[in-house]
Amino acid sequence: MDCFTFEDFSRFLFALKYTAGKHRSQRRKDAARTPFVNHPVEVAELLWRAGEVRDMTVLVAALLHDVVEDTETGPEEIRDLFGKDVLAIVLEVTDDKNLSRTRRKELQVLHAPHLSPGAGLVKIADKICNVRDIAWSPPLDWSRQRRAEYLTWAEEVVNGVRTYNRGLDTAFRNVLAEGRKELEKA
Ligand code: ZN
């Protein structure tokens, strides 16, 4: 059994509070207008449970993985509060919002094979959560075709990731297969 220190738990809890604060006014565009912060919490929990990831740097990075991309937060702040290793993972999974959506999606496919092991884990867990959201609680204005294309793209990204984690891989294959069935019903 892995053992966490007092320090580890404090850091994780602080990251949880920090990400909740940063994303506090953001909502998804699904029917329930789900608070956005549910997403990074789900990614961290999935890494812990399905992936059995016990590396605190990866778990903290999972909580913070969308903070730089989706809020007005500079990388320095993440580095100062959580350290350079957490920041490195966060930046590896941060898209450049100055680029078009199409280009960002192409780059995720191209970058996937080059992700560090920690960033690879966060990327796979992120895609599991996103596929689940797109299949079962999609943005209201997304057509079935757009949702199906999203699943195809997510599969392409995950197939490119070199980090292998059996629990996450199984979870991804399952959510993808179930998600496709769900879309056929729609
Ligand atoms: Zn995410």
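Preceding this paragraph is the structure being described.
Residues numbered from 1 in each chain as written. Predicted model: local features only at pLDDT ≥ 70, side-chain atom pairs only at ≥ 80, totals over all residues. Heavy atoms only, no water.

> Tell me about the packing of aromatic side chains, and please be specific about residues and values.
By the definition in use, this model includes 6 aromatic pairs. Considering the side-chain rings of Phe14 and Tyr18, the 6.3 Å spacing of their centres and the 40° angle between planes classify their relative orientation as tilted. Of this pair, Phe14 and Tyr18 both sit in helix 1 (residues 6–22), 4 residues apart, which is roughly one turn of the helix. On the basis of relative accessible area, Phe14 is assigned to the partly exposed category, the value being 32%. (Phe/Tyr/Trp six-rings, centres within 6.5 Å; stacked < 30°, edge-to-face > 60°. Helix = DSSP H or I, 4+ residues; strand = E, 2+ residues; numbered from the N terminus. Buried < 20%, exposed > 50% of the residue type's maximum accessible area, 1.4 Å probe, protein only.)

> Tell me about the coordination of the zinc ion, and please be specific about residues and values.
Surrounding the zinc ion are the protein donor atoms His39 (NE2), His65 (NE2), Asp66 (OD) and Asp126 (OD), at 2.1 to 2.4 Å. Metal-centred angles of 80 to 174° between the 4 donor atoms at the zinc ion mark the site as irregular. Mapping the donors of the zinc ion onto the primary sequence gives the spacing H-x25-H-D-x59-D. Classification of Asp66 by relative accessible area gives buried; the value is 7%. (Donors = N, O, S within 2.8 Å, 3.2 Å for Na, K, Ca; no water. Tetrahedral: all angles 85-135°; square planar, octahedral: opposite > 155°, others 65-115°.)

> I'd like a rundown of the environment of Ala15, residues and numbers included.
Along the chain, Ala15 turns up in helix 1. Judged by its relative accessible area of 0%, Ala15 is buried. Ala15 sits 10 residues away from Ser25 along the chain, and the two C-alpha atoms are 17 Å apart. Those residues in contact with Ala15 that lie beyond four places of it in its chain are Val60, Leu63, Leu64 and Phe82. (Contact = heavy atoms within 4.5 Å.)

> I'd love a proper account of the pattern of salt bridges, names of residues and values included.
Here the idea is simple: oppositely charged side chains can pair when their charged atoms come close. Summed over all chains, the structure comprises 13 salt bridges. Residues Asp70 and Lys97 are paired through a salt bridge, measuring 2.8 Å at the closest nitrogen-oxygen approach. With Asp70 in helix 4 (residues 67–70) and Lys97 in the loop between helix 6 (84–92) and helix 7 (101–111), this residue pair connects regions lying 27 residues apart in the sequence. The class of Lys97 is partly exposed, set by a relative accessible area of 46%. Residue Arg103 pairs with Glu106 through a salt bridge whose shortest N-O separation is 2.8 Å. On the criterion of helical spacing, the pair formed by Arg103 and Glu106 is a turn pair, its members being 3 residues apart in helix 7. Judged by relative accessible area, which is 38%, Glu106 ranks as partly exposed. Ionic contacts of the salt-bridge type, sharing partners, join the residues Arg28, Asp30 and Asp133 into one network. (Salt bridge = Lys/Arg side-chain N within 4 Å of Asp/Glu carboxyl O.)

> Tell me what's going on with the layout of surface pockets, and back it up with residues and numbers.
In this structure, the largest pocket encloses a volume near 1,000 Å³. Lining the largest pocket are 29 residues, and of these Phe36, Glu69, Arg101, Trp142 and Tyr150 lie nearest its centre. Residue assignment for the lining of the largest pocket shows that the elements contributing at least two residues are helix 4, helix 7, helix 8 (117–136) and helix 9 (144–160). Per-element tally for the lining of the largest pocket: the top contributor is helix 8, with 6 residues. (1 Å grid on protein atoms, 1.4 Å probe; cavity = no way out; pocket = protein on both sides within 12 Å on 5 of 7 lines; lining within 4 Å. Points joined across faces, edges and corners; volume = space filled by probe spheres on them.)

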